[in-house]
Amino acid sequence: MPSRKFADGEVVRGRWPGSSLYYEVEILSYDQKSHLYSVKYKDGTELELKENDLKPLASFKQRKSGSTSSSPSRRRGGRGRSRGSQSRSRSRSPGRTPKGSRRSASASYQADFKETVNQILEVKLTPLILKPFGNSVTIYNGEAEPRESSDMPPTSSKERLILSQEGSYLSSQYSLRPRREVVRVKESDAKEEQLVTREPDLLSSLRVTPAPQGKGLEFGGVPGALLIMLGLPVSLFLLLSMCAQEDPSLRNFPPPLPAWGDLWEARVCGVYVLWFLVQALFYLLPVGKVVEGTPLVDGRRLQYRLNGFYAFVLTSALVGAAVFWGVDLSWVYSHFLQLALAATLFSVVLSVYLYARSLKVPRSELAPASSGNAVYDFFIGRELNPRIGTFDLKYFCELRPGLIGWVMVNLVMLLAEMKVQNRTAPSLAMALVTSFQLLYVLDALWNEEALLTTMDITHDGFGFMLAFGDLAWVPFTYSLQAFYLVHHPQDLSWPVAVLTAALKLCGYVIFRCANSQKDTFRKNPSDPRLAHLSTIPTPTGKSLLVSGWWGLVRHPNYLGDLVMALAWSLPCGFRHLLPYFYVLYFTALLVHREARDERHCRHKYGLAWERYCQRVPYRLLPYVY
C-alpha cells in the first residue's frame, strides 16, 4: 500500500482540474482506496486530487528566488570585463535590493503580464462568485445545458493597445537573451497578448456551436425527421378518430378518417388564428418581471417577460365572461377535428416561415442542434431564438397557445360530458382528470422561469418539431383522457379516487421537489437549505448534485412526470388501451430525452459525469432503469 506524501492540515499547491494552474489548498483527508486527497481551496471549493496534482509550497518559492539576473546598468558595466576575470564586486549600497530578489524590467513585466493572464483564466476556471460582476458561474444538475456564463468585462481596445506597445518596448530594450531566444519570447508574448485581447473568443470556445453537417444527428437523422413530420399529424387524427368511436378498441383500428371537405372549414381556421393572436396580445402586456436567459455565443443575454400566469388568469376571465354572455363552448367539441387540422396547418406555415427567415441570420444565431441539412433543420429548427422585435416566437409558443389551450379544451370536454350524458355535475373521473392536468399547467406557468434553462430553449432551434408539438400535439392529444370520457363514462368509487389522487400527489411531490432543488442550486449553490447535499465538481467550474432527489435517480423530475401521467389515465378505467396512450408516449419521449441528456453531459463533463453515473447508477426508475 503506497504511503501518503502530504498530511492532513498541510498547506500545499493544488492543480485546478483541466488546467495547468496551481492554487494554494489545504489537505483535508486522504482516501486509502482511491488514493485521492480531499483538498479545500481558499474560496471554499472542495475537490479530490491525485498526489501528482499536488506540490509543496517550497518548490514554488524556490522558483521565485532562483532569478539572479542583474539590472541593465550592471550588464553594461560588465561588458568591459575580460572573459577570464573571475572577480565580482561584493559591495552593496544600503538602498540596493538583495541579489536574489532583483529582477530585470523584462522579467518584471513578463511576470506582471502572466499574472494578468492567470487572473483572467482564474475567473473562467474557478467556481467563484465574483461580486463586482455578478454571478460568473452557473451551477447545474446533471441535465445538459451547453453554455457557460461570464460577466467579465472585455479589455478595451485602448488598454490592449497600450499593453501591446509597452510589452514590445520593454522586451526589446532590456532582453538579455540571445537573438534566437528573443524571437521565441516575442512569439510567446504575442500568443499571450492574443489570449488577453481575444477574451470573448476564449469564452466562445467553451460554448456549443452548431453540429457539423451529417454528424451527430438525432431522431434518426434525415429519415427519422421525415418519418416524424409525416407520422405525427397522421397519428393525431387517428387518435382523435378512435376516441370519437363508440368502441375505441384495437379491433377497430385504424378508424376511418374523415374526408378533407369535412375537416376543412375557413371559419374554424379563423377562430384558431384569433386564439393565437389573443395569446400573443397577452404576452405583450407589460406585466410580470423581466429576466435574462442563458448567455448566447456572443455573450449577450436575451430578456424574457414572465407573465404566463397572468395570461392564464386573463384567458380564464375572458372565457368565463363568454359563458356568462351565453356563448356555447360545445361548438369547440363539435368542431374538434377541424380545430386540430387548423392547428396543424398553422404550425406547418409557421415552420416554413421560421426556416425561410433563418437563412438570413448570422451563424452565431443558429441553434447548436442545427446541421446544415435542409430537411433536418426544417424539423429541428435552424434559428435558436427567432424574434420579431422583442417578441420571442419560440418562448411564446412553448407555454401560451398550446398549454393554456390544453386547459380550455379540458373545460370544453367537461361541459360536453354534462350535456351529452345529461348530468348536472361532471363525473368524478372527469373531475379528477381535469383537476390533475390543471394543477400541472398552473405549476408550469407559475415556474415559467425554469423554462429558460431547458434543452428546448438553449439547444434546439424553433422548427416543425416544437411548432407542431406546442401548437397541435399538446392541446389535442394531452386532452385525450377528457375527450374519451365524454362518450365513455366511467363509474369511479371514492376509495379508488382517493388512491388515484394519492398517486398524483406523490408524483407531483417528486416532480416539484426535484425541480425546486435543482433551480435553487442553480441560483445559489451556497443556500443553507442545500448545505446537506453532496456535489461533484467538474472541469467547467460547475458542479453536479449527487444527493437529495438527484442522488435517487439521474432524472427524478422525469420520474415524477411519469407517475403523474399514470394518475391522469387511471380514472378512465381499464376497458380500453386508448386513454393510456399518453403514458406510453410520454415514457418513450422521456427515455429518448434522457438519452439525449446523457450524450450531452458525457461530452461536456467527461470524467466528472462518469463519476456521477457511478454514484447514481439508475436513470429514471430506481433498481429498474
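Residues numbered from 1 in each chain as written. Predicted model: local features only at pLDDT ≥ 70, side-chain atom pairs only at ≥ 80, totals over all residues. Heavy atoms only, no water.

Caption draft 1: Representation of the pattern of salt bridges. On inspection of all chains with the given rule, the structure shows 18 salt bridges. In this structure, Asp53 engages Arg15 in a salt bridge whose closest nitrogen and oxygen atoms are separated by 3.1 Å. Within this pair, whereas Asp53 is found in the loop between β4 (46-49) and β5 (54-55), its partner Arg15 is found in strand β1 (residues 11-15), the two being separated by 38 residues in sequence. Given a relative accessible area of 12%, Asp53 falls into the buried group. A salt bridge links Arg400 to Glu448, with the nearest nitrogen and oxygen atoms 2.9 Å apart. Of this pair, Arg400 sits in helix α14 (residues 393-420) while Glu448 sits in the loop between α15 (428-446) and α16 (455-458); the two residues are 48 residues apart in sequence, bridging distant segments of the chain. Several salt bridges converge on common partners, so that one network encompasses Glu218, Asp460, Arg596 and Arg599. (Salt bridge = Lys/Arg side-chain N within 4 Å of Asp/Glu carboxyl O. Helix = DSSP H or I, 4+ residues; strand = E, 2+ residues; numbered from the N terminus. Buried < 20%, exposed > 50% of the residue type's maximum accessible area, 1.4 Å probe, protein only.)

Caption draft 2: Highlighting helix α10 (residues 308-324). Taking 1.5 Å of rise per residue, the 17 residues of α10 would be expected to cover 24 Å, and the 24 Å separating its terminal C-alpha atoms lies within 8% of that figure. Every buried residue of α10 is listed here: Gly308, Ala311, Phe312, Thr315, Val319 and Ala322. For α10, the buried positions fall inside an angular range of 100° around the axis, keeping them on one side. Just past α10, the residue Gly326 takes up positive phi, approximately 95°. (Expected span 1.5 Å × (residues − 1). Arc of directions from axis to C-beta.)

Caption draft 3: Examining the packing of helix α19 (residues 494-523) against helix α20 (residues 556-569) more closely. Following both chains from N to C, one finds α19 and α20 inclined at 160°, their axes separated by 8 Å at the closest point. Relative to α20, the element α19 is oriented roughly antiparallel. Judged by the sense of rotation from one axis to the other, the crossing of α19 with α20 is left-handed. Touching Thr500, Leu503, Lys504, Gly507, Tyr508, Ile510, Phe511, Ala514, Asn515 and Lys518 of α19 are Pro556, Asn557, Gly560, Asp561, Val563, Met564, Leu566, Ala567 and Trp568, all from α20. Taken together, the residues of the contact of α19 with α20 sort by class into 11 nonpolar, five polar and three charged. (Axes fitted to C-alpha atoms, helices over the stretch in contact; angles between N-to-C directions. Parallel < 35°, antiparallel > 145°, perpendicular 65-115°, else oblique. Left-handed = near helix turned anticlockwise from the far one by under 90°. Contact = heavy atoms within 4.5 Å. Nonpolar A, V, L, I, M, F, W, Y, C, P; charged D, E, K, R; others polar.)

Caption draft 4: Region of the structure containing the packing of aromatic side chains. Overall, the coordinates contain 36 aromatic pairs when judged by the stated rule. Look at Phe276 and Phe346: their rings are 4.7 Å apart centre to centre, the planes differ by 50°, and that puts the pair in the tilted class. Remark: Phe346 occurs in helix α12 (residues 336-358) and Phe276 occurs in helix α9 (residues 266-284); sequence separation between them is 70 residues. According to the relative accessible area criterion, Phe276 is buried, its value standing at 9%. With centroids separated by 5.1 Å and ring planes inclined at 50°, the aromatic side chains of Phe391 and Phe396 adopt a geometry described as tilted. The cationic tip of Arg387 hangs over the ring face of Tyr304; the distance from NZ or CZ to the ring centre is 4.9 Å. (Phe/Tyr/Trp six-rings, centres within 6.5 Å; stacked < 30°, edge-to-face > 60°. Lys NZ or Arg CZ within 6 Å of the ring centre and 35° of its normal.)

Caption draft 5: Spatial organisation of a nonpolar patch on the surface. On the surface, a nonpolar cluster with roughly 440 Å² of combined accessible area is contributed by Leu250, Phe253, Leu577 and Leu584. Here Phe253 shows up in the loop between α7 (221-243) and α8 (260-263). (Patch = residues over 30% accessible without salt bridge, like charges linked within 9 Å, V, L, I, M, F, W, Y side chains within 5 Å. Areas by Shrake-Rupley, 256 points an atom, 1.4 Å probe, with all protein chains shown as cover.)

Caption draft 6: Molecular detail of the pairing of β1. Residues Val12 and Gly14 line the buried face of β1, whereas the alternating positions Val11, Arg13 and Arg15 sit on a face that is not buried. Relative to strand β2 (residues 22-31), β1 is paired through five bridges, and the arrangement is antiparallel. Among the inter-strand pairings, Arg13 is bridged to a residue of β2, identified as Glu24. Hairpin connection, β1 to β2: the antiparallel pair is bridged by six residues, and Gly18 has positive phi, about 80°. Pairing analysis gives two bridges linking β1 to β5, with the strands arranged antiparallel. Bridge pairing links Arg13 to Lys55 in β5. (Pairing = 2+ DSSP bridges.)

Caption draft 7: Region of interest: the environment of Pro254. Assignment of secondary structure puts Pro254 in the loop between α7 and α8. Sequence-wise, Pro254 and Leu238 are 16 residues apart; in three dimensions their C-alpha atoms are separated by 6.9 Å.

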